[in-house]
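As a plain string of letters, each chain reads:
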Amino acid sequence: MAVCVRAVVRVLVLQAAWALGGGQVRYSVPEEAKGGTVVGRLAQDLGLEAGEAEARRLRLVAQGRRASVEVSGASGALVVSSRLDREELCGKSAPCALRLEVLLERPLRVFHVEVEVTDINDNAPLFPAATKNLSIPENSPPGSRFPLEGASDADIGANAQLSYTLSPSEHFALELEKENERNIIPDLVLRKSLDRESLAEHRLLLTARDGGRPSLTGTVELVVSVLDANDNAPQFNQSVYKVQVLESAAEGTLLARVCATDPDEGSNSEVTYSASNFIPLSGRDLISVNPHTGEIRLVGPLDFEEVSVFDFRIEARDKGTPPLSGHCSVELEVLDVNDNAPEVWVTSLSVPVAEDASVGTVVALLSVSDRDSGANGRVRCAVWPPSPFGLVATFAGSYSLVLREALDRERVSEYEVEVRAEDGGAPPLRASRGLRVPVSDVNDNAPAFAQAVYTVLARENNAAGAELARLWARDPDEAGNGRVSYSVAEGGAGAGAGSGSGSGPGWRPASSYVSVDAESGRLWALQPLDYEELQVLQFEVRAVDAGEPPLCGNATVQLFVVDENDNAPALLPPAGGGPGPWAAGEASSSSSSAGSLWAWAAWGAPAGQVVAKIRAVDADSGYNAWLRYELWEPRGKGPFRVGLYSGEVSTARALEEADGPRQRLLIVVRDHGEPSRSATATLSVSLVEGAEAALAAAGAVSAGAGLRPAAGAEGGAAAAAAASATNVWLVVAICAVSSLFLLAVVLYGASRWAPRAAVLAGPGPATLVCASEVGSWSYSQRQSRSLCVADGAGKSDLMVFSPNCPPPPGPAAENGSAEKGPSLSPYSSGAVSCPLFFYFFPTSSVLFSAVA
């Protein structure tokens, strides 16, 4: 329990110290500390647990110069890594502090650490020279003072506070003069008059001792030469000259002019000037004194950031024998100008940035500094362009580049961000740092087809593997997120399609007819298409990208099979299964040959009498199924003719006995396709007496066996059975036609008086509706119309196909006939009928049927 209480108290003390320190950790280490010396327990002071420093990669961020300290990865302690020399790091500046930035990851945080390098007494006082020569006139009165050049100590504070001692002498003593708050100048004082003749030269030892523990010393030997006469030394008009100069002053700039006077006459009054005792020593390369005029000029560039104050002495020496000299002090203060632009460093950069990154995400850590002082060193920062990134100040000179707005890689895939820094000088100086921030992609866009519905026309009997169309879906994502693969999703055709379940007897899926290339989107035919089997195939094609998770888009494909003339006309047997009655004019087919027909005609029959009717059908549609009948044999002016579109064989003139007992007619049935296809029928017409023809017709009606005579009782029984079967089929046909007519009337009334928005047909596959007056199949050329009876936008749910029917032929169209006869189509016996066809698609539609 006591251990827990101590731990809690320790954490609270650390938090309080952290808050009072303004978010900084401060340490102190003496210079010349050995490598590995622990400066401070950084991880513990930052409140990290054991092992957390290494797990979160606690490390220092370099800022341009060697820090000489590092973070131990295992313990998280701040240790000395290389030699620490305070004089090398900071010179005479005090205090000497290393400002470091510590980076901590997961989450990313930055801390500021200040390490103060304390001074130790490792530098002894140093005089400019090992020997100092002095010339003192023998007539110098006791109490005369002779300034000596003091020593300098590179240390600071107490370690640089110097004291001087002089070796024992009866003529000279040492007095210390405090020149200013920084420097103490030793003066050699004459206690007793000199006698050159007794002692021409005095050798003294001047010792300088610093205030360190233990103290260090430096010595200079003073060689005093005693001179004769010239008893007046030059005197300056002021003892201290204070001068200010801008650090941007050019070389040759006049800083000041000193003046010293000597009351002696002649050469003893001629004065020359010289400068000495520069603090720091670098001043001797930057400042010069004219020996004749006393002008102080600048001979080198100044830098306020390196040295802000120069202290030196000027000596005025006359030309007497011996020469006498006077001294003054000069304090040169360097004034700062805005000559340093701000500096921007990127201490951490986390790229690329995901396009779904949240607002406030830290992208980079920046550090900004300016070597100038005052307003010249105050820096303002901004980011350009101002969106979608922004700057957040964390500490003085530290910024975080954060996300301010949502990203969209499909709109902008990469940002060129510029961080601009400007100081407060006049004029201000600027600096910038460019950052390239790429945006990484996420799968946020589904593939989209150019069209929601594709209409494809394909000719029947196409080759297997033929390309029908090319589908393309666009996905603006990149790499795998934008790589699209295609597949046939659903759809089919057949008898089961109308149930809505997608399966059933005769139903075949769309994948058995077509295939789509997974990469290119090309639509291929897997097998030849047959219009007579399949007219419309509707299915969906799905486009799926390779993202995680994958996204998809669908498009509906409506494949229409275009009919070709690949079916020849086929002759139909007479109605009822046997030869038709003579009065009905239907030709019958013999049992021995499918193309041989026979009929009866009476001598003396008038012109226009229908003898027989040829019935044929073509499985194709449109013009490919429109049939015409031609009489090939006999050619010329024969007794018979054939209706061009009706197929009715009628007398072209009155029949005579000269026409013979039998006429053989060769009739060709031909469609209108390109190229056209045809079938041939042979009709044998027996010419008999009128009574025999009537008897044959009556026998055909009762027995259904033609005009041939009955062959005994068995023939009669067979005829009776055939007549009974014919009557049954006739009743069934009449009932079916009546039911269809009643259903058509009901549907017409429902469609006329029902509400316009009512939906009479639910979802289902494509349905072909054909209205015609005859039972033979007929297909039309297609015309597409868009019809919408519900609220909302128009939708191609109902497609109406109307044929281009030619005008009914005139009498001239009949083979070998100059008379006006009936105009017959291949579908009816009295008028040309053009059927209309309607396709109903799986969407809700209104059902119509019509006969033109």
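Given the structure is predicted, the values throughout are model-derived calculations rather than measurements.

Caption draft 1: Main features of the overall build of the chain. When helices and strands are tallied, the chain shows six helices and 54 strands. If you take every contact in the chain between residues at least 6 apart in sequence, the share linking residues at least 24 apart comes to 67%.

Caption draft 2: Local environment of the pattern of salt bridges. The tally for this structure, following the rule as stated, stands at 23 salt bridges. In this structure, the salt-bridge partner of E422 is R430, at a minimum N-O distance of 2.7 Å. A residue is classified by how much of its surface remains accessible, and R430, at 56% relative accessible area, is exposed. The network of salt bridges with common partners includes R409, E410, D441 and E478.

Caption draft 3: Looking closely at a nonpolar patch on the surface. There is a patch of nonpolar side chains on the surface, built from V346, L349 and V351 and spanning about 190 Å² of accessible area. If you trace the backbone, V351 turns up in the loop between β24 (343-349) and β25 (353-354).

Caption draft 4: Quick look at the environment of S369. Its location among the elements puts S369 in strand β26 (residues 362-369). Look past the residues within four positions of S369 in its chain and what remains in contact with it is P342, E343 and W345.

Caption draft 5: Focus on the sheet that holds strand β49 (residues 648-651). Reading across the sheet, the three strands line up as β45-β49-β48 and stay open at both edges, with antiparallel pairing between neighbours. The sheet is open, and its two borders are formed by β45 (610-613) and β48 (640-642), each paired with just one other strand. On average, adjacent strands in this sheet sit at an angle of 20° to one another, irrespective of strand direction. Sheet topology note: the β48/β49 ladder contains three bridges and is antiparallel. Bridge pairing links V642 to V649 in β49.

Caption draft 6: Spatial organisation of the sheet that holds strand β11 (residues 172-178). Spatial ordering of the open sheet is given by β9-β12-β11, a layout of three strands whose pairing is antiparallel. At either margin of the open sheet sits one strand with a lone partner, and together these are β9 (145-147) and β11. Taking each pair of neighbouring strands and ignoring which way they run, the sheet shows an average axis angle of 35°. Bridge count between β11 and strand β12 (residues 184-190): seven bridges; the pairing is antiparallel. When the bridges of β12 are listed, F172 appears paired with L190.

Caption draft 7: Inspection of the pairing of β26 at higher detail. Of all eight residues in β26, six are buried; the element is thus mostly enclosed. Alignment of β24 against β26, held across six bridges, turns out to be antiparallel. The partner of V346 across the bridge, within β26, is L366. When β26 meets strand β29 (residues 398-403), the two strands line up antiparallel, connected through five bridges. Looking at the pairing, V362 lines up with V402 of β29.

Caption draft 8: Quick look at the packing of aromatic side chains. Taken as a whole, this structure holds nine aromatic pairs when the rule is applied. Aromatic pair F236 and Y273: ring centres 6.2 Å apart, planes at 50°, arrangement tilted. Highlighted residues: F236 in strand β15 (residues 235-236) and Y273 in strand β19 (residues 271-279), separated in sequence by 37 residues. An aromatic cluster is present here, built from F449, Y454 and Y486 joined pairwise through their rings. Against the face of Y513 rests R508, its NZ or CZ located 4.7 Å from the ring centre.

Caption draft 9: Examining the environment of L644 more closely. Inspection of the secondary structure puts L644 in the loop between β48 and β49. On a C-alpha basis, the gap between L644 and E630 in space is 6.4 Å, while along the polypeptide they are 14 residues apart.

Caption draft 10: Focus on the environment of V363. Tracing the chain through its elements places V363 in strand β26. Judged by its relative accessible area of 1%, V363 is buried. Note: C-alpha distance between V363 and L403 (40 residues apart in sequence) is 7.1 Å. In this view, V363 contacts S348, L349, S350, V351, V353, F389, L401, V402 and V437; residues no more than four positions away in its chain are not counted.

Caption draft 11: Geometry of the pairing of strand β39 (residues 522-525). Burial along β39 is one-sided: L523 and A525 are buried, while R522 and W524, pointing the other way, are not. In terms of strand pairing, strand β34 (residues 467-470) meets β39 through three bridges, oriented antiparallel. Residue pairing across strands places A469 opposite L523, the latter belonging to β39. Pairing geometry for strand β38 (residues 514-516) and β39, over three bridges, is antiparallel. Along β39, the bridge assignment pairs V516 with L523. What sits between β38 and β39 in their antiparallel hairpin is a turn of five residues, with G521 showing a positive phi close to 80°.

Caption draft 12: Quick peek at unusual backbone geometry. The omega torsion of the bond from W384 to P385 falls at -5°, within 30 degrees of zero and hence cis. Examined against the element boundaries, P385 turns out to sit in the loop between β27 (379-384) and β28 (389-395). In the segment running from S387 into P388, the intervening peptide bond is cis, with an omega of 5°. Along the chain, P388 turns up in the loop between β27 and β28. Phi angles above zero are rare outside glycine, and R106 is one such case at about 50°. Relative to the assigned elements, R106 resides in the loop between β6 (97-104) and β7 (109-118). Positive phi values are uncommon outside glycine, yet N461 reaches one of about 65°. Here N461 is to be found in the loop between β33 (453-459) and β34. Taking relative accessible area as the criterion, N461 reaches 42% and is therefore assigned partly exposed.

What counts and how
Residues numbered from 1 in each chain as written. Predicted model: local features only at pLDDT ≥ 70, side-chain atom pairs only at ≥ 80, totals over all residues. Heavy atoms only, no water. Helix = DSSP H or I, 4+ residues; strand = E, 2+ residues; numbered from the N terminus. Contact = heavy atoms within 4.5 Å. Salt bridge = Lys/Arg side-chain N within 4 Å of Asp/Glu carboxyl O. Buried < 20%, exposed > 50% of the residue type's maximum accessible area, 1.4 Å probe, protein only. Patch = residues over 30% accessible without salt bridge, like charges linked within 9 Å, V, L, I, M, F, W, Y side chains within 5 Å. Areas by Shrake-Rupley, 256 points an atom, 1.4 Å probe, with all protein chains shown as cover. Pairing = 2+ DSSP bridges. Axes fitted to C-alpha atoms, helices over the stretch in contact; angles between N-to-C directions. Phe/Tyr/Trp six-rings, centres within 6.5 Å; stacked < 30°, edge-to-face > 60°. Lys NZ or Arg CZ within 6 Å of the ring centre and 35° of its normal.

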